[in-house]
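# Structural features, examined
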Number of protein chains: 2
Amino acid sequence: MAEDVFKALADPTRRHILDELVERGGQTLFEICARLVTKHGLGLSRQAISQHLAVLESAGLVRTRRQGRYKFHDLNTEPLERIATRWLRPDAPESTP
Amino acid sequence: MAEDVFKALADPTRRHILDELVERGGQTLFEICARLVTKHGLGLSRQAISQHLAVLESAGLVRTRRQGRYKFHDLNTEPLERIATRWLRPDAPESTP
DNA sequence: TTGATAGGCAAGCTTCCACTTGCCTATGGT
DNA sequence: ACCATAGGCAAGTGGAAGCTTGCCTATCAA
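None of the values given here were measured: they were computed from a predicted structure.

Scoring rules and cut-offs
Sequence order sets the numbering: in each chain, residues are counted from 1 along the sequence as written. Written order determines the labels here, with chains lettered from A and ligands numbered from 1. Residue-level local features of this predicted model are given only where pLDDT is at least 70; pairs of side-chain atoms are given and counted only at 80 or more, and the full residue set underlies all totals for whole chains, interfaces and linings. Excluded from the side-chain calculation are hydrogens and water; included are all heavy atoms of the structure. What counts as a helix is a DSSP run of H or I of at least four residues, what counts as a strand is a run of E of at least two, and both are numbered from the N terminus. With a 1.4 Å probe rolled over the protein chains alone, any residue whose accessible area is under 20% of its type maximum counts as buried; one over 50% counts as exposed, and the rest are partly exposed. What sets the accessible areas is the Shrake-Rupley method with a 1.4 Å probe; for residues, cover comes only from the shown protein chains. When charges are counted, neither His nor the chain ends are considered; positive counts come from Lys and Arg and negative counts from Asp and Glu. Charge positions are represented by NZ for Lys, CZ for Arg, CG for Asp and CD for Glu. Any two residues having at least one pair of non-hydrogen atoms within 4.5 Å are treated as being in contact. Summed over both partners, the accessible surface that disappears when two parts come together, traced with a 1.4 Å probe, is what is meant by buried area. Any Lys or Arg side-chain nitrogen found within 4 Å of a carboxyl oxygen on Asp or Glu counts as a salt bridge. Identification of polar contacts relies on pairs of N or O atoms within 3.5 Å, with a donor-acceptor requirement for protein atoms, meaning one able to donate a hydrogen and the other able to accept it, and with residues adjacent in sequence counted only if both atoms are side-chain atoms. Under the scheme applied here, ten amino acids are nonpolar (Ala, Val, Leu, Ile, Met, Phe, Trp, Tyr, Cys and Pro), four are charged (Asp, Glu, Lys and Arg), and all others, including Gly, are polar. The copies were overlaid with a least-squares fit restricted to C-alpha atoms from residues scoring a pLDDT of at least 70 in each copy. Any residue with a heavy atom lying within 4 Å of a molecule or strand is counted as near it.

### Quick notes on the overall build of chain A
A tally of regular secondary structure across chain A gives 5 helices and 2 strands. In sequence order, chain A lays out its α and β elements as α-α-α-α-β-β-α. Projected onto its principal axes, the C-alpha positions of chain A cover 45 × 30 × 20 Å. By residue count, 40% of the 97 residues in chain A fall in the buried class. Of the roughly 5,400 Å² of accessible surface on chain A, 50% is carried by carbon and sulfur atoms. Computed over 15 positive and 13 negative side-chain charges, the inter-centroid distance for chain A is 7 Å.

Following this line, the structure appears as structure tokens:
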């Protein structure tokens with residue numbers, strides 16, 4: 001849903017996660033936690049990041065794949081490619097609520 | 001500044017306001033209120049819309065001009081043109097001014 | 001001047017969101 | 001088997017966001 005994409009992008013922590021995944025795909029939850037601390041100075045709990053990842057995944061911005069006890073996260077830019085052009089083309093046949 | 005753009009776009013009512021301003025620029029607050037009711041079925045108070053417009057304006061998405069007792073609102077798409085390309089690859093088929 | 005229109009300011013309420021805490025399951029190494 | 005690692009579930013909390021209500025100012029027409 002495009003609705004969820006906007007809400008997912010509203011939080012600065014989630015945008016930092018996307019920045020991290022764009023720089024290096026296929027990271028686990030613990031890797032993302034560690035990199036958010038060292039590179040962005042964000043000292044959040046593991047659960048907080050996990051919940052943020054759940055929001056990003058349900059918005060379609062993050063794809064996950066399980067492998068053993070690891071869960072790898074990858075960025076999916078496909079939902080991003082439409083949302084910004086919604087108000088940029090006045091003559092586009094837009095009908096999304 | 002870009003932080004405020006994401007937060008401004010997070011609310012569905014504000015996105016409907018942008019839809020309205022893209023369709024017809026230079027509307028007053030009362031016009032926007034009326035059109036949100038008749039076209040989108042949103043029954044909100046005048047103050048609610050006014051506060052939404054303030055958020056959009058402080059995010060740079062709406063420009064206002066006073067004329068007598070009227071205050072006209074216009075869309076400014078300039079902040080939108082960068083936010084979506086933030087996580088897109090450099091080879092994305094997007095116009096980069 | 002009077003009254004109607006267009007808009008603003010501020011307090012209060014309610015719901016939602018981000019975050020934490022504690023406990024749980026599952027996988028893998030030794 | 002044991003234990004550390006990787007992750008999930010659920011309840012609880014603080015604060016921000018959205019909306020309303022009431023009152024106020026400013027502009028224009030009669």
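### Description of the interface of chain B and chain A
For an interface, size is often stated in terms of accessible area lost upon the parts coming together. Contacts between the two partners involve 21 residues from chain B, matched on the other side by 21 residues from chain A. Of the roughly 2,000 Å² buried between chain B and chain A, counting both surfaces, carbon and sulfur atoms make up 64%. On the chain B side of the contact with chain A, Phe6, Arg15 and Trp87 of chain B bury the most area, a combined 33% of that side's loss. Put simply, chain B and chain A have 4 salt bridges between them. For arginine 86 of chain B, the salt bridge is made with aspartate 19 of chain A, and the minimal N-O distance between the two is 2.6 Å. Run the count over chain B and chain A and you get 6 residue pairs in polar contact (both at pLDDT 80 or more). Put simply, the parts of the chain that give the side of chain B that touches chain A at least two residues each are α1 (2–9), α2 (12–23) and α5 (80–83) of chain B. Sort the elements by how many residues they give to the side of chain B that touches chain A and α2 of chain B lands first, with 6 residues. The class makeup of the residues in the side of chain B that touches chain A is 11 nonpolar, 2 polar and 8 charged.

### Some points on the relation of the copies chain B and chain A
Note on the copies: chain B fits chain A at an RMSD of 0.1 Å, the axial shift is 0.0 Å, and the rotation between them is 180°. Read as a symmetry element, the transformation amounts to a two-fold axis. Comparing interface residues between copies, 86% of those in chain B also sit at the interface in chain A, which points to an isologous, same-surface contact.

### As for the protein's contact with DNA strand D
Around DNA strand D, the surrounding shell holds 21 residues, and the nearest of these are Phe30 and Lys71 of chain A together with Arg14, Ser45 and His52 of chain B. A share of 57% of the atoms of DNA strand D within 4 Å of the protein falls on sugar and phosphate groups. In the model, a phosphate oxygen of DNA strand D is placed 2.7 Å from a nitrogen or oxygen of the serine 45 of chain B side chain. A per-element tally of the surface near DNA strand D places helix α4 (residues 46–58) of chain B first, with 4 residues.

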